[in-house]
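What follows is the residue order along each chain.
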Amino acid sequence: MEIDAMRLLSEQLAQDAAARESQGSKVQKDHPSARATLAATLLGFFVITLDAVVVNVALPTMGHEFSANVTDLQWVVDGYTLMFAALLLSAGSLSDRIGARRAFGIGLAVFMLASAACGLAPTLRGLVAARFLQGIGAAVMMPSAMALIRQAYVTPRERGRAVAIWAMGGAVAASSGPVLGGLLTLLSWRWIFFINVPAGVVTLACLARTQASARREAPFDGWGQLAAIVAMGALTYGAIEAGELGFTALPVLVALGNVVVALVLFVLSQKHGEHPMIPPGLFQSVNARIAVVVGFTFMVGYFGLPFVLSLYLQQYRGLSAFATGSVFLPMMLTGLILTPFSARLVEKLGPRALIVAGLLSMSLGLVAIAALPSAAPVWQISTLMVLVGLAGPLVSPPITAVLLNSVQASLAGTASGVYNTSRQVGGALAVAVFGALLVQSHTFMEGLRMSLSLAACISFFTAMISLRLQATRH
């Protein structure tokens, strides 16, 4: 997510770099509010990313307190991810209509209130409802943060540097999330949500020092958005409830039927609508189609693995939440350390080689973890997860570059939104399906091995598909 944003912002205005370089330097000096903008968006991106990863290690503690089963706990994770994905494509229109600063502030306020509601939730249903609200706030914040950075930094050079710093907020959150979640859970799992409130207050203080944003009329695809929400929601519901009710249960079949109807309506709205969210020409390129598939399947393994292993390490190996978070640290640090070198590797080896290698590394790591005996030393699990962590820097930056280099400049923003939506849907569906397999299997270990093996197969076949990636001109 952070890498494609950096490429998008730096490339979209590359054509006017020379003409505005000297003017841009003066703008940066004359407007110190740019630093406040960067601070606000960085903190916002940190808490958005943190709340996507921090809850996994706290799930067993929540389940014990609320007497909840795996099916119930899946909604704690997917409630946030689902709304984030469903609204991401349309949130940019809201940002344009009311101004980026106001949209970011509204999204942040919703996110803070929802975080407080999560921490105070007396029941699991209340927690899940608050997580849905968190996802709405995060979806509004994301595109408005990009617009704020573009507004504050005029030249591509300065903007590229700003977005690189902004991206570190997400990278640090992803790397520290499991450990921080485990540490806060030692006090109470509720603190993983309460911590967003003071962070939000600081972010609002920085936002108050930023410049006002312009507004413009932006089209909104209401029918397309409604169909997308129904399709994603019904698919997630059907997959989660299949674990408890069975895949042939009437509610599950009805949900899957709604998915088909909603998808048909979505396709029709995009084909015949006046302002479609996904323009017809977006997927003319083979590379663009493959990139969206890679984004989806990459998150199946990268997001699904922490979900099942967090439950396994605490419920079946007796680790504390903090110790569980520490097991994930080598995997997360691998991505944090290697991501800055991804661009150089692409220049030397080409994006296709890195993408295929990353997906194969993920597949190998998932298979190896699935093949471990149930009493395998924890350090072996942690070491093998590094193979999955390698996929982060090897896959995400290169496939983003491939996508943006394969579409028209005018479609770069939409392509980025579709790609990020596919990633969020992949993560949400992984949690839903893996949870169903855990519940439906005879033993937890059988469900865990089936889940990781399924993710490994998907990653492997996506690697084979990625061999069809074509060289781009840029």
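This one's a predicted model, so the numbers in the text were calculated from it and none came from an experiment.

Q: Looking at this structure, how should I read the overall build of the protein chain?
A: From N to C terminus, the protein chain includes 19 helices and zero strands. Scored against the burial criterion, the 474 residues of the protein chain give a buried share of 57%. Across the protein chain, every contact between residues at least 6 apart in sequence was considered, and the portion connecting residues at least 24 apart equals 85%. When the accessible surface of the protein chain is split by element, carbon and sulfur atoms take 67% of a total near 19,300 Å².

Q: How should the packing of aromatic side chains be read in this particular structure?
A: To describe a pair of aromatic rings, one takes the distance between the centres and the angle between the planes. What the rule picks out here adds up to nine aromatic pairs. Summarising the aromatic geometry, the rings of W189 and F193 are spaced 6.2 Å apart at their centres and angled 85° between planes, so their arrangement reads as edge-to-face. Considered together, W189 and F193 belong to a single accessibility category, that of buried residues. When the centroid spacing of 5.8 Å and the interplanar angle of 75° are considered together, the rings of F460 and F461 count as edge-to-face. The class for F460 is partly exposed, based on a relative accessible area of 35%. For F461, a relative accessible area of 54% translates into the label exposed. In this structure an aromatic cluster arises from ring pairing among F66, W189 and F193.

Q: Can you help me understand the packing of helix α14 (residues 321-338) against helix α17 (residues 378-404) in this one?
A: Two packed helices can be described by the angle between their axes and the distance between those axes. Relative orientation of the contacting elements α14 and α17 amounts to 25°, with a least axis distance of 7 Å. One finds that α14 runs roughly parallel with respect to α17. Once α14 is placed against α17, the crossing between them reads as right-handed. On α17, the residues that touch V327, F328, P330, M331, T334, G335 and L338 of α14 are V378, S382, M385, V386, V388, G389, L390 and P393. Here the contact of α14 with α17 is composed, by residue class, of 11 nonpolar, four polar and no charged.

Q: Just to check I follow, could you spell out the packing of helix α15 (residues 342-349) against α17 for this structure?
A: For the pair α15 and α17, interaxial distance at closest approach is 9 Å and the crossing angle is 75°. In this view, α15 runs roughly perpendicular relative to α17, as classed from their interaxial angle. For the pair α15 and α17, the contacting residues are S342, L345 and V346 in the first and P393, L394, P397 and P398 in the second.

Q: Mind showing me how you'd approach the pattern of salt bridges here?
A: Two side chains of opposite charge can pair, provided their charged atoms sit close to one another. Applying the stated criterion to the full structure yields two salt bridges. Between E65 and R190 there is a salt bridge, and its shortest N-O distance comes to 2.8 Å. You can see E65 sitting in helix α4 (residues 59-66) and its partner R190 sitting in the loop between α8 (156-187) and α9 (191-194), a full 125 residues away along the chain. What makes E65 partly exposed here is its relative accessible area of 41%. What makes R190 buried here is its relative accessible area of 17%.

Q: Hey, could you run me through the environment of L364 in this one?
A: Looking at the element boundaries, L364 is found in helix α16 (residues 351-371). As for L364 and S453, which are separated by 89 residues in sequence, their C-alpha atoms are 9.9 Å apart.

Q: Help me out: how do you make sense of a nonpolar patch on the surface in this one?
A: Taken together, V260, V261, V264, L265 and L268 make up a surface patch of nonpolar side chains, about 430 Å² in accessible area. Tracing the chain through its elements places V260 in helix α12 (residues 250-272). The class for V260 is exposed, based on a relative accessible area of 51%.

Q: Is there a simple way to think about the side chain of S361 in this case?
A: Tracing the sequence through the fold places S361 in helix α16. In terms of polar contacts, S361 uses its side chain to reach the backbone carbonyl oxygen of L387, at 2.7 Å. The residues contacting S361, other than those within four sequence positions of it, are L387, V388 and L390.

Q: What is the right way to look at the nonpolar core in this model?
A: A general tendency of soluble globular proteins is for nonpolar side chains to be buried together. Residues M62, L127, L305, F307, L309 and M385 are the most contacted members of the largest nonpolar core, which totals 94 residues. At 18 residues, the largest contribution of residues to this core is made by helix α13 (residues 286-315). Those residues within four positions of L309 in sequence are excluded, and the remaining contacts are F328, I369, I381, M385 and L448. Counting 34 residues, the second largest nonpolar core, distinct from the first, contains A100, L108, M141 and W166.

Q: Looking at this structure, I do not really get the environment of S90. What am I missing?
A: Position of S90 among the secondary structure elements: in helix α5 (residues 70-98). Ignoring any residue separated from it by four or fewer positions in sequence, one finds S90 in contact with F220, Q225 and M277.

Q: Help me out: how do you make sense of helix α3 (residues 33-53) in this one?
A: Counting along an α-helix, one turn takes 3.6 residues, and residues three or four places apart therefore face a common direction. Its 21 residues give α3 an end-to-end C-alpha distance of 31 Å, which sits within 8% of 30 Å, the value for a rise of 1.5 Å per residue. The element α3 is largely enclosed, with a buried count of 16 among its 21 residues.

Q: Mind showing me how you'd approach helix α6 (residues 100-120) here?
A: Given a rise of 1.5 Å per residue, 21 residues ought to cover 30 Å, and the 30 Å separating the end C-alpha atoms of α6 matches this to within 8%. Burial in α6 covers these residues: A100, A103, F104, G105, G107, L108, F111, M112, A114, S115, C118 and G119. Where the residues of α6 are buried, they touch α3, α5, α7 (124-152), α9 and α10 (196-207).

Q: What is the right way to look at the confidence of the model for the protein chain in this model?
A: Close inspection of predicted coordinates is inappropriate for parts of the model with low pLDDT. For the protein chain, mean pLDDT is 83; residues scoring 70 or higher make up 89% of the total. Across residues 1-30, where pLDDT falls below 50, the model places 61 contacts with residues more than four positions away in sequence or in other chains.

Q: What's the story with the side chain of T236 in this structure? I'm lost.
A: Relative to the helices and strands, T236 is located in helix α11 (residues 222-245). You can call T236 buried: its relative accessible area is 4%. A distance of 2.9 Å separates the side chain of T236 from the backbone oxygen of M232, its partner in a polar contact. Residues contacting T236, with those up to four places away along its chain left out, are W75, D78, L82 and A432.

Q: When you look at the environment of L108 in this model, what are you seeing that I'm missing?
A: Along the chain, L108 falls in helix α6. Judged by relative accessible area, L108 falls into the buried class, the value being 1%. Leaving out residues up to four positions away in the same chain, L108 has contacts with M141, G200, T203 and L204.

Thresholds, definitions, all that
- Residues numbered from 1 in each chain as written.
- Predicted model: local features only at pLDDT ≥ 70, side-chain atom pairs only at ≥ 80, totals over all residues.
- Heavy atoms only, no water.
- Helix = DSSP H or I, 4+ residues; strand = E, 2+ residues; numbered from the N terminus.
- Buried < 20%, exposed > 50% of the residue type's maximum accessible area, 1.4 Å probe, protein only.
- Contact = heavy atoms within 4.5 Å.
- Areas by Shrake-Rupley, 256 points an atom, 1.4 Å probe, with all protein chains shown as cover.
- Phe/Tyr/Trp six-rings, centres within 6.5 Å; stacked < 30°, edge-to-face > 60°.
- Axes fitted to C-alpha atoms, helices over the stretch in contact; angles between N-to-C directions.
- Parallel < 35°, antiparallel > 145°, perpendicular 65-115°, else oblique.
- Left-handed = near helix turned anticlockwise from the far one by under 90°.
- Nonpolar A, V, L, I, M, F, W, Y, C, P; charged D, E, K, R; others polar.
- Salt bridge = Lys/Arg side-chain N within 4 Å of Asp/Glu carboxyl O.
- Patch = residues over 30% accessible without salt bridge, like charges linked within 9 Å, V, L, I, M, F, W, Y side chains within 5 Å.
- Polar contact = N/O pair within 3.5 Å; in protein donor to acceptor, adjacent residues only side chain to side chain.
- Core = buried A, V, L, I, M, F, W, Y, C linked by side-chain atoms within 4.5 Å.
- Expected span 1.5 Å × (residues − 1).
- pLDDT = per-residue confidence, 0-100.

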